[in-house]
Amino acid sequence: MIPRPSSIDWSELGYMRNAFFHCFKKDFYPDIDHNALEYTPFLIAFRMKFETLSTPAKDSLIKAYPIFGRLDEVQIDPITLHLSDSRILYKPIGEELQVSLAVDEKLSSGFFTLGQHIHRIPFNGSADSSQLTVGGVLDDTPTAIAYDWLTDKIYIAISTIGPDNSARIEVCDKVRETKKDGTCSVILHDKLDYLHSLVLDPTDGNMYWINAVQNQIERAFMNGQHHDQHPFLNTAKSEGATLTSLALSRDEGRLFYARTTKDGSELWQCRLYERQSCTQFFETSHVLHLDVHEKQLFLSLTSGRLATCEHANCEATFHEVEQISEIEVFHVVHDERKTDLDVNPCSKNNAGCSHLCLVARIEPKRTCACPIGVRLKEDGVNCEDGFNEVLIISAITGLFYVSLDTSDYTPQAIPYQGHEESSHSLFDVDYDPVEGFVYWLDITDTAIKRCRFNGSDLSVVIKEGIQQSAKTFRLDVVGRNIFWVDGETALIWIGKMDGSISPRVLDVSTKLENPHGIAIDSNGGFLYITDWFERSSRIVRVNLDGSDAQYSLQDFSYPTGVELDLDGGRLYWAESNHSLIRSIKLDGTDLLTYMQTSYKLVQPYSVSKLGNRIFCNSMAGRSFVEIVLRDGILAGHDSSRVVESQIYGPVGLRAVRLKEPAKRSGPCVKGNGGCSHYCLNSPSGSARCLCGRGFELQKDGRRCVRATSSVILLDGSGKRPDLVRMALKGPRNLEKLYLQVSSSMYIASSNDSSGTIEHVNLTSPTPRAAVIASGVALRGISHLEIEPFAKLIVYSNAEFGRIEACSLDGKQSKTLAWIDIRPTIVKLDLSRSELYFVNESVDISSINRMPLTVTPDGGQVLYRTTQPFSRIVAMAIDPKNREIYWTEQNRGVNTLHKMSSNGTDPVVLSRSEERRIAYLHFREKSLYYVDSKKNEFGFFDGGGFHSVHAGVKNVRDFVITGAATKSEKKNPCEIDNGGCPELCLPQFETKPVCTCGDHRYFDVVTKSCHANSHGLILGSNGRFLYITAKDSKSMMTQDHSPITSLPIEKVGLPLSVAVDELSRFATLYWIDANEPKVIRSVPMRGANSVNPQSLLVSVCIHLRALAVDTFGRQLFVSCVVSSGRSHIMVYRIQSSTSLQPDKLLHIGRVVKGDEISPVTGKQPVPTELAVGARKLVYLDVSTRSGGPILVVCDLDGRNCDKASERTTPYSRLSLLPSQSKLLFTGEDSINKLDLTNLNTSPIKNGPENVKALFASVEGEKVALVPIDEKEDSFLIIGQERLLIPGMSRVTAMAAFTSSEFAQFDRSRSCIHQECTHLCAAHICMPNVTCDPWEFLCRDQRTCVHSGAKCDNRLNCPDGSDEAPDICGSIDAKTWTCGDKRTRIDRYLVCDGVPHCEDESDEKGCKCSMPSSEMDCAIFGRMSQPECVQRKLRCDHHYDCSNGADEDERLCATFTPEVAGFRVTFTHIMFGAVILLLLLAICPICVFFCYSKKRTTGVEQSVADRRYHQFVGQNDPSLLVPLSGAPGDHYEISCF
């Protein structure tokens, strides 16, 4: 394969393709008189394909051509190729593949490379070909092949396309028809770079090649010995020359090569054993490939042509073969290379070699070689039986091994089924010496797999419990276990090496933060773990069962891989942060640093030790380090070396001895130590048994039985809350489950911003925690219970003061109690459908009972604490005996109580300062507890406390799993959800109650759920609240409807809120005070938790208020654009069909703060606004002296009137859409404004500083939200005051009236209109006022740039911009003045100089200074105006985005500008005056200089001193001497 010289310009050659040519055989050409020829050479060639626009690409092929013409010493007949007799041998070849050629003349077959495969193809035309796979890693590429016709071997140059350009030469048995891979051996690898053009001389035992990196010819014996890097001198002497091809003539004893520069190629020849014999003999165009036959030289050119000449006289005999083109690489095939078998030193019995016999230059003319990685025995002829020491490497590109028995360290792939797929990332690897399996961690498939070393017996061992965050694993070959680390969850897992037992989490006795690497002492019973902290790291030693964490090394810099040397009694590890490899004795002494690898290996990752050698890799490169030790320390200065393995993405590595038996001892070796599941050697010498997940260890400490009832603890000691399973009775069996429990379970959690309900179902083989509900609405969730037969979750929320129920999938939720409660613990009595909860207030706690239905006030109070500071901390229900148990904590004293379920017969069961019963659960006649002070789990039987498990710490809650106790009476909600569309609430001895989610009501007639007709959206810091009423006549009070949170994230601090009920998903819009330039929007229906979309209003400094014109499908926004300037912007609401907020399209401004208001006579400053009944109402605060006023306008901002002055800067507005009425707040009253006659009348007294205002449809029910910093925010609806628990204050409020729009004829709305601008009652309104630089189309809806008028292009939808009455006879090169008669050049418009008599060409210009600024859109080229400096016109650089500043017609009339100013008559006169002044000053200067002239001697010597001067000029000149004597003095003189 020929590397193309980088100095050649290939741009004109097109794209190069690959192909081959058929070879000629006599049997295929019977029409040729072969007897007339002494012999017939043939050509087999690698064809390059040029692809141009006019010549389409063709398939790549392999072809062969017969060569006709007599070749002898006397004359050379013209060489021709018989095209009609050519034959296709192989096709097609991928265009991305490069190809090398070799030929076996004796068997008439050829060899060619495709990727990492070498194909043999017979010349008899057989379509079938056998192949040999070479290269061990992805980037290994065969760059040249050559055939040893003497011993039937293939020599292969393999180069790596990587950062180091390393290479090696392999020799392989010839590929025959069996299609089986031959035996290959690495014969040369040291000091080799990327090489090509390999040629052989079997009779002399030498091989030659080109080193492409060093750009030189190199030589070695054919057995790899005596590598000579400089057999010839000055082979690439010329600067910029590249060696491109070699050809060897054994008869002549010469080597030919091409040396290529950017101008062409030089042909050189060297005598084989004369170092300084190389000479140039010819020059030609760029050469790709050479071959030689006797005295005839063949060469392929970059033009694709084949050329030939006699190398002794190439100048006279050179000619190109006309019959063929597009050849790149070729090979001349002929019979003379055959030789007698007696010359072959390997012909007899393979010369005694067990594998490969290679030709050698020196006696005995042959050497023996072994397969890659296999060592040759000392007898020199036999190879060892396979490998012994190997380095196994897992990478993101596959699984590899490197034999350590030989010095070449050639990586090879372990050929398991599917290993050629590069899509699997393998993170770690280990070897089992007992059964001979290689194990690896496949992160892509999240599984641990294994196979034999030869790739057979592939199987998936473990998949359950493997996450993508798994990092490393190690084999316990004694107990036949696998330990692996999950860094994200900080857990250590254990499974069986054959996958027969369900994996489980190891209970590690110390808290792990970020475990990374592990090492196992299977015989000693220890596990070593590297663990990372935020600022420090450590190495921990625990027993194999996770207990007794005693050994800990601190303050290491991110230790990664860790390795045990039990024979040497040391622990080795790599530190990635400082690129160190360290070790320490197992007793914690003698810390050693072996090498600082930062200059060799960045961020070492995995480490492994074998004998006296340490191996370590890096994930940042493709190499690994080998460190040689002597007596535990470095063997010397050269004791470490970097090996370029070329394995892309190495992660794990293990150095092992395949032939060394495993060292196994301890009780787990025989019979698994008597354990049913897991057997672990302990340091004491005994066996420690563990059970798989879901099983419990029996009292004999050996047998494992599937658990029927278990205790599930919510453990808060780890990195995140975790679930731990324990046996309800018997041995502790503590087992971390990582949210994987033995039955269905629900978990509630909450933080400062949101809450979550998760579901875990262990009936799945690989259970996971699934979030069924989350968001700000669940913030403050504290406790939950399950009603399994009604499929309900009941939970308490102490922060929001409510008890709620939701379906098991979390899609519907219903508030059951919400008035003046703060529930913490909630319990269900399934037998009687009752709910019990603990209600916490500031000074007392109580226990309440309520039916499992909507009970706003929380039902009946059964018990209240009587002691100050006494708090109820735990509660449990005995449903069979109708009893309640609870514990109270009061100043260190813990008291256990009991009473009947109706609140009678309270009894104190125990009182103690030594206990703190934090959690209770009643199950099967026993009261179970967790004591957080004694750290124990146990049960209370009436006579006392009985501990079952000690050492139970950091428990947040617990449940007891097993078969649920079903009520004796059939639950009506169990079948078909009781006929309810959403939620079914079972009732004791009555029919179930069907209910719907919050703010929806159940229609008993249609048995369906419907949304409440109207309500309020309350904005507060971080969330939105929602309160509704069934219809407009219902009172919106807290007794009838709870105030709930909307599931909206990233609310911020709402300043103004508006709802578009006509949109499909009831879109909510608001302004966030934290980002006041952004309009946020989110659909209120259709999602449990949603994130808002944002629209940036870049022209505004901050937004003030917004309002939705629901019928017109428009959003009005008031905003501040600068100090003292405010606008009201309008956006079209484009309805969305997906569950996404509707889109907002900017229309324009309807109230402009830079224009004078006809109402106030000042620039308007709008703040609050309201929209409805085709009216726009806004509060104008521009009149500071007289106070703000209400202004009423049409929707387009026109026809404005003053409505009222009874306002304050803080007035709030609420417009009634169905009536032309407006409510607004004054200083001490609520006022009603009739928009038809603008009459104002007070209707109700109200508080000051009202933050929000809402009026119902009738206008009688008024909702206010005043600012009150001293207590919770509250609503006043009518005369009723409602507290809003959990809110500091309400900052914004909006009405939500759905039923009114549901009854409205949507065809009368603008939802289906496509108005360019405003719309009212499904009619498109005239456009908002066009900007001064715009032209208003006659449709009164469209504004176009004035430059688009009369430009011979239709820009208005109605074409009015090109109307004849405006433009006359249209001429795109001219512009019509305002008088509609005068025309001027279009490029004179808005240039700062009036050209029309009425000066209309300079009116309404976009740019503020037309004389110095150019409007890029004035010529109608773009829709948005853009201004650039006029001095940038016609400077050959596009400054306008549409290129208008470089327009040809503009530049044709362009007047030059000087320093950014137009050259005018004034400029010319000013320049003339300056020139006259200069002419007057010059004679004075000349006279002054002449009067000051001095000489230093004889003035006549000026000519002798040869001063150089300009004679006849009046300007001062510098006299420069041409030469002078020492001591001469020179001056500046004037002439």
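Residues numbered from 1 in each chain as written. Predicted model: local features only at pLDDT ≥ 70, side-chain atom pairs only at ≥ 80, totals over all residues. Heavy atoms only, no water.

### Thoughts on the overall build of the chain
Inclusion rule: Secondary structure elements follow DSSP: runs of H or I no shorter than four residues count as helices, runs of E no shorter than two count as strands, and numbering proceeds from the N terminus. Burial status follows relative accessibility: with a 1.4 Å probe on protein chains alone, a residue under 20% of its type maximum counts as buried, one over 50% as exposed, and anything between as partly exposed. In what follows, residue pairs with any heavy atoms lying within 4.5 Å of each other are defined as contacts.
When you go through the chain residue by residue, the secondary structure sums to five helices and 119 strands. Every one of the 1535 residues in the chain was classed for burial, and the buried ones make up 54%. Restricting to contacts in the chain with at least 6 residues of sequence separation, those with at least 24 account for 46%.

### Points about the nonpolar core
Filter applied, for reference: Each nonpolar core is a collection of buried residues, namely Ala, Val, Leu, Ile, Met, Phe, Trp, Tyr and Cys, held together in the definition by side-chain atoms within 4.5 Å.
The biggest cluster of nonpolar side chains holds 28 residues, and the ones touching the most others in it are Y439, I448, F473, I482 and W484. Breaking this core down by element, the ones donating at least two residues are strand 32 (437-442), strand 34 (459-462), strand 35 (470-476), strand 36 (481-486), strand 37 (491-496), strand 54 (687-690) and strand 55 (695-697). Look past the residues within four positions of I448 in its chain and what remains in contact with it is Y439, W440, L441, V460, V461, I462, I466, F473, I482 and W484.

### Quick look at a negative patch on the surface
Formally: In this scheme, patches are assembled from residues that exceed 30% relative accessible area and form no salt bridge. Like charges are connected within 9 Å, while nonpolar side chains (Val, Leu, Ile, Met, Phe, Trp, Tyr) are connected within 5 Å. A 1.4 Å probe and the Shrake-Rupley method give the accessible areas. Residues count as covered only by the protein chains that appear here. Any carboxyl oxygen of Asp or Glu that lies within 4 Å of a side-chain nitrogen of Lys or Arg is treated as forming a salt bridge with it. Only four residue types enter the tally: Lys and Arg on the positive side, Asp and Glu on the negative side; His and the chain ends are excluded. Where a charge lies is defined by one atom per residue type: Lys uses NZ, Arg uses CZ, Asp uses CG and Glu uses CD.
Taken together, the side chains of E378, D379, E384 and D385 make up a negatively charged region of the molecular surface. One can find E384 in the loop between strand 27 (366-369) and strand 28 (389-395). On the basis of relative accessibility, which here comes to 31%, the residue E384 falls in the partly exposed class.

### Some points on the side chain of N211
What counts is decided by this rule: For the purposes of these results, a polar contact is taken to be a pair of N or O atoms within 3.5 Å, where, inside protein, one atom must be able to donate a hydrogen and its partner to accept one; residues adjacent in sequence count only when each atom of the pair is a side-chain atom.
Looking at the element boundaries, N211 is found in strand 15 (residues 206-211). Classification of N211 by relative accessible area gives buried; the value is 0%. A distance of 3.3 Å separates the side chain of N211 from the side chain of D193, its partner in a polar contact. Among the polar contacts listed, one links the side chain of N211 to the side chain of E218, at a separation of 2.8 Å. Ignoring anything within four residues of it in the chain, the contact list for N211 reads D193, Y194, Q216 and E218.

### Thoughts on the sheet that holds strand 71 (residues 871-878)
Heads up, the condition is: Here, a strand pair is defined by DSSP locating no fewer than two bridges between the strands. Axis definition: a line fitted to C-alpha atoms, limited for helices to the stretch in contact. Angles are taken between N-to-C directions and run from 0 to 180 degrees.
A sheet is described by the order of its strands in space; here four strands give the open sequence 71-72-73-74, paired in antiparallel fashion. Each end of this open sheet is capped by a strand with a single partner; those strands are strand 71 and strand 74 (907-912). Shown here is a sheet whose adjacent strand axes are inclined to one another by a mean of 15 degrees, direction ignored. Where strand 71 meets strand 72 (residues 883-890), seven bridges bridge the pair, whose relative direction is antiparallel. If you follow D878 over to strand 72, its bridge partner there is E883.

### Quick notes on the pairing of strand 41 (residues 537-543)
With seven of seven residues buried, strand 41 is to be regarded as a mostly interior element. Every second residue of strand 41 is oriented toward a common face, with S537, I539, R541 and N543 on one face and R538, V540 and V542 on the other, all of them buried. In this sheet, strand 41 lies alongside strand 40 (residues 526-532) in antiparallel orientation, the contact comprising seven bridges. Considered in strand 41, the bridge of D531 is made with R538.

### Observations concerning unusual backbone geometry
For the bond from E363 to P364, the omega torsion is 5 degrees, close enough to zero to count as cis. With respect to the helices and strands, the residue P364 is situated in the loop between strand 26 (356-359) and strand 27. Despite not being glycine, D152 has its phi angle at roughly 55 degrees, a positive value. On the basis of relative accessible area, D152 is assigned to the partly exposed category, the value being 23%.

### What about the confidence of the model for the chain?
Rules: A residue's pLDDT is the confidence the predictor assigns to it, expressed on a 0 to 100 scale.
Per-residue confidence for the chain gives a mean pLDDT of 78; residues scoring 70 or more make up 75%. Below pLDDT 50 for its whole length, residues 1266-1274 participates in 30 contacts with residues either more than four positions away or in separate chains. Residue range residues 1492-1535 is modelled with pLDDT below 50. Its contacts to residues more than four positions away, or to other chains, number 40 contacts.

### Some remarks on the state of the cysteines
Put simply, the rule is: A pair of cysteine sulfur atoms is labelled a disulfide when the two atoms are within 2.5 Å.
According to the stated counting rule, one finds 21 disulfides in the structure shown. Covalently, C172 is tied to C184 through a disulfide, its sulfur atoms 2.0 Å apart. The chirality of the disulfide connecting C172 with C184 is right-handed, given an S-S dihedral of about 110 degrees. Of this pair, C172 sits in strand 12 (residues 167-173) while C184 is found in strand 13 (residues 184-188), placing the two residues 12 residues apart along the sequence. Like C172, the residue C184 is buried in the burial classification. The residue that forms a disulfide with C980 is C994, at a sulfur-sulfur distance of 1.9 Å. The disulfide joining C980 to C994 has a torsion of about -75 degrees about its S-S bond and is therefore left-handed. Taken together, the residues span a long stretch of sequence, with C980 in the loop between strand 79 (955-961) and strand 80 (983-985) and C994 in strand 81 (residues 993-995) at a distance of 14 residues.

### Looking at the sheet that holds strand 13
If you trace the four strands from one edge of the open sheet to the other, you get 10-11-12-13, paired in antiparallel fashion. Looking at which strands have only one partner, the edges of the open sheet turn out to be strand 10 (140-148) and strand 13. Neighbouring strand axes in the sheet, compared pairwise and without regard to direction, differ in orientation by 30 degrees on average. By the bridge criterion, eight bridges tie strand 10 to strand 11 (residues 153-160) in an arrangement that is antiparallel. Among the inter-strand pairings, Y147 is bridged to a residue of strand 11, identified as I154.

### Re the environment of P1042
Within the secondary structure, P1042 is located in the loop between strand 85 (1023-1029) and strand 86 (1044-1045). The spatial distance from the C-alpha of P1042 to the C-alpha of Y1026 is 8.1 Å, given a sequence separation of 16 residues.

### Regarding the side chain of E804
If you trace the backbone, E804 turns up in strand 65 (residues 802-807). It turns out E804 is buried and unbridged, and the closest side chain with the opposite charge, R802, is 4.2 Å from it. The contacts of E804, once residues within four sequence positions are left out, are I793, V794, Y795, N797, K814, T815, L816 and D998.

### Comments concerning the pattern of salt bridges
The full count for this structure, using the stated rule, is 48 salt bridges. For R1212, the salt bridge goes to E1168, with nearest N and O atoms at 2.8 Å. Here R1212, found in the loop between strand 98 (1201-1204) and strand 99 (1213-1216), pairs with E1168, found in strand 95 (residues 1166-1172); they are 44 residues apart in sequence, far enough to count as distant. Take R1212 and E1168: they sit in the same class, and that class is buried. Beyond isolated ion pairs, a larger network of salt bridges with shared partners links E389, R613, E626, R657 and E660.

### Here's the deal with the packing of aromatic side chains
Heads up, the rule is: Note on aromatic pairs: the rings of Phe, Tyr and Trp (six-membered ring only in Trp) are paired at centre separations within 6.5 Å, and the planes decide the class, stacked below 30 degrees, edge-to-face beyond 60, tilted for the rest. In this analysis the charged atom, NZ for Lys or CZ for Arg, is taken to sit over a ring once it is within 6 Å of the ring centre and within 35 degrees of the ring normal.
Enumeration according to the criterion identifies 23 aromatic pairs in this entry. Ring geometry for Y929 and F945: centres 5.2 Å apart, planes at 85 degrees, overall edge-to-face. In this pair, Y929 sits in strand 76 (residues 926-931) while F945 sits in strand 78 (residues 945-950), placing the two residues 16 residues apart along the sequence. For Y929, a relative accessible area of 1% corresponds to the buried category. Under the relative-accessibility criterion, F945 is labelled partly exposed at 22%. Site record: aromatic cluster; members linked through ring pairs are Y928, F937, F939 and F958. Directly above the ring of F437 sits R450, whose terminal nitrogen or CZ lies 4.1 Å from the centroid.

### Here's the deal with the environment of C1440
Along the chain, C1440 turns up in the loop between strand 115 (1427-1429) and helix 4 (1448-1452). Among the residues examined, C1440 registers a relative accessible area of 3% and is labelled buried. A sequence separation of 24 residues divides C1440 from C1416, and the C-alpha atoms of the two residues are 5.9 Å apart. Those residues in contact with C1440, other than ones at most four positions away along the chain, are C1416, E1426, V1428 and D1445.

### Here we look at the environment of A876
Considering the arrangement of structural elements, one finds A876 in strand 71. Classification of A876 by relative accessible area gives buried; the value is 1%. With 50 residues separating them along the chain, A876 and V826 place their C-alpha atoms 9.1 Å apart. Once residues lying within four places of it in the same chain are set aside, the contact partners of A876 are K827, E883, I884, Y885, L920, H921, F922 and L927.

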